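Chains, contacts and geometry: an overview
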Amino acid sequence: MFSRPFAESFPQDFYSDANGRIYAAITSLALAGHPVDVVTVAGHLRDHGRLKQAGGSPYLAQLADATPAVAHVAEHAERVARLARQREAVRRAHEFVAKGYDAVSDVHSWIGEFAEGLGALAKHSRSIPVVGVDHLFRPLPPVDYVLAALDICPGAPTLVAGAGFSAKTLAFQSLAISVAAGLPVWGCLAAKRGKVLHLDYEQGDRLTSERYQRLAAGLQLTPDDIGDRLQVATLPTMGLDDLCAEAEIRRLCQGVAVAIIDSFRAAFPHVDENSSEARLPLDMLGRVSQVTGCTFIVIHHARKPQMGAPGGVRASIRGTGALFDAAGSVIVMEADKGKPVKLIHEKARTSGHTADDMLLRIADVEIPGERVAGLTVHAESAPAYAPEKVTSDVEETVLAIIRSHPGDGARALRERSPVGNVKTDAALRRLLDSGRVVDRGAQSRGKPSAFYVEESDQ
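It should be emphasised that the depicted structure is a prediction, and the values quoted were computed from it without experimental measurement.

**Concerning empty space enclosed by the protein**
- Under the definition given, this model contains 1 cavity of 30 Å³ or more.
- Each pocket or cavity is described by its volume, and for the largest cavity that value is around 40 Å³.
- What lines the largest cavity is Ser174, Ser178, Pro184, Trp186, Gly187, Leu215, Leu219, Leu375, Thr376 and Val377.
- Elements that contribute at least two residues to the lining of the largest cavity include exactly helix H7 (168–181) and strand S9 (374–380).
- No other element matches S9, which puts 3 residues into the lining of the largest cavity.
- Per-class residue counts for the lining of the largest cavity are 6 nonpolar, 4 polar and no charged.

**A few points about unusual backbone geometry**
- Going from Asp262 to Ser263, the amide bond is cis rather than trans, its omega being 5 degrees.
- Mapping Ser263 onto the fold places it in the loop between strand S4 (258–262) and helix H11 (264–267).
- Backbone geometry at Asp151 places phi at a positive 60 degrees, although glycine is not the residue there.
- Positive phi, close to 55 degrees, is recorded for Trp186, a residue that is not glycine.
- Following the sequence through the fold, Trp186 ends up in the loop between H7 and strand S2 (196–200).

**Things to note about the packing of aromatic side chains**
- Applying the stated rule across the entire model yields 2 aromatic pairs.
- Judged by centre distance (5.6 Å) and plane angle (90 degrees), the ring pair of Phe172 and Trp186 falls under edge-to-face. Of the two residues, Phe172 sits in helix H7 while Trp186 sits in the loop between H7 and S2, which places them 14 residues apart along the sequence. When sorted by exposure, Phe172 lands in the same class as Trp186, which is buried.
- Where Phe264 meets Phe268, the ring centres are 5.2 Å apart and the plane angle is 40 degrees; that geometry is what we call tilted. Across the pair, exposure class does not vary: Phe264 and Phe268 are buried alike.
- Over the face of the ring belonging to Tyr452 we find Arg440, whose NZ or CZ atom lies 4.4 Å from the ring centre.

**Quick word on the pattern of salt bridges**
- Across all of its chains, the model carries 15 salt bridges by this definition.
- The shortest N-O distance in the salt bridge between Arg251 and Glu248 comes to 2.6 Å. Separated by 3 residues within a single helix, Arg251 and Glu248 lie in helix H10 (residues 245–252), roughly one turn from each other.
- We classify Arg251 as exposed; its relative accessible area is 53%.
- Since its relative accessible area comes to 25%, Glu248 is described here as partly exposed.
- A salt bridge links Asp283 to Arg279; the nearest nitrogen and oxygen atoms lie 2.9 Å apart.
- By relative accessible area, Asp283 is classed as partly exposed at 23%.
- On the basis of relative accessible area, Arg279 is assigned to the partly exposed category, the value being 29%.

Definitions and cut-offs
- Residues numbered from 1 in each chain as written.
- Predicted model: local features only at pLDDT ≥ 70, side-chain atom pairs only at ≥ 80, totals over all residues.
- Heavy atoms only, no water.
- 1 Å grid on protein atoms, 1.4 Å probe; cavity = no way out; pocket = protein on both sides within 12 Å on 5 of 7 lines; lining within 4 Å.
- Points joined across faces, edges and corners; volume = space filled by probe spheres on them.
- Helix = DSSP H or I, 4+ residues; strand = E, 2+ residues; numbered from the N terminus.
- Nonpolar A, V, L, I, M, F, W, Y, C, P; charged D, E, K, R; others polar.
- Phe/Tyr/Trp six-rings, centres within 6.5 Å; stacked < 30°, edge-to-face > 60°.
- Buried < 20%, exposed > 50% of the residue type's maximum accessible area, 1.4 Å probe, protein only.
- Lys NZ or Arg CZ within 6 Å of the ring centre and 35° of its normal.
- Salt bridge = Lys/Arg side-chain N within 4 Å of Asp/Glu carboxyl O.

Don't take any of this as a statement about function, it's just geometry.
Structure below.
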């Protein structure tokens, strides 16, 4: 079947030369259909003049006694291969460093040669794991949605595209702080509570920090409400198309529910967004998501859609159509000065159901005693909470608190409520929509919320 022993490419994976020779003998016997045990392996090595080099019969007997359980053979084999790749990478790195001490006339070529060598090593060391029917037909757990209404979940990343000043970064910073605090997103969309990582390649520390402070103030949140569930890296020096980026992203995203990358062009500086290969960074994030369970949201730029242009809103996304294909969920944002932001959900790979268009209204909120106003982002014409999320009992509980403490804002209401922040805010939204509760603070433009029960409901 094989013109040469199947194992010839693998003995060097072992740190011990003796173990490599023994592995080659075992593989040769197995491929020839012969039984494999201490006697046959010793005979094969003796026939080829390699028994002494492999440690002799006593060493073979010692290995047989130390052989792990068959159930874990695959894991042990993977460990051998992984450590072999690691040693080879270290060897090449030492060669590269040694060469660097010599006169290097072209530094860029020197670095490129090393990157190319490691890239080839990574390419040839990969394998393709295959699963069978038992895996394919196993009971599947529910999708771990971060934001079900917009199909934002682990897997292929969500792509958010918008022209300049379409509030795309602000809107998803608002999403980040709501997810970290366990609140509805944009005032009305049910979301998973969890840890958020924001990789900011565009705004810088001052603007990003100020935005988060203002959004927290607009939601009447303190740092204690957010805890350690919001982390930001501003203007990282490592681009995500770096040779080591995939491993670093895996490390950073352990235990993270949502990672926001702003923006595609800045985070992947060497990727040509007009090439079909522009999808490769999104594919990489999908691999990381599969391993870590993290949901990725990538913010990207778009052109202002032209009326009647072929392709519609989708065509406004800058770059190749491969970006759209690689994303799991695609959101396009449009804005005209002085008007609410229009959010268009263009793709929903996981659920198959795109949300209706919605408007995001962004407003300043005056904070007593503070020089800088808070910021709020509220969705209009958006899908509300599913009815089962908020029962009539929860609604009546929140109504009773407002009746007993008229004029309280959102923060005080959450502190008094026994049903948790998410259900409290959902019930409040329904009470406001039904007219049973009014926000007299909101009626005075730019003032903090102050909730009252409508007189007819007293």
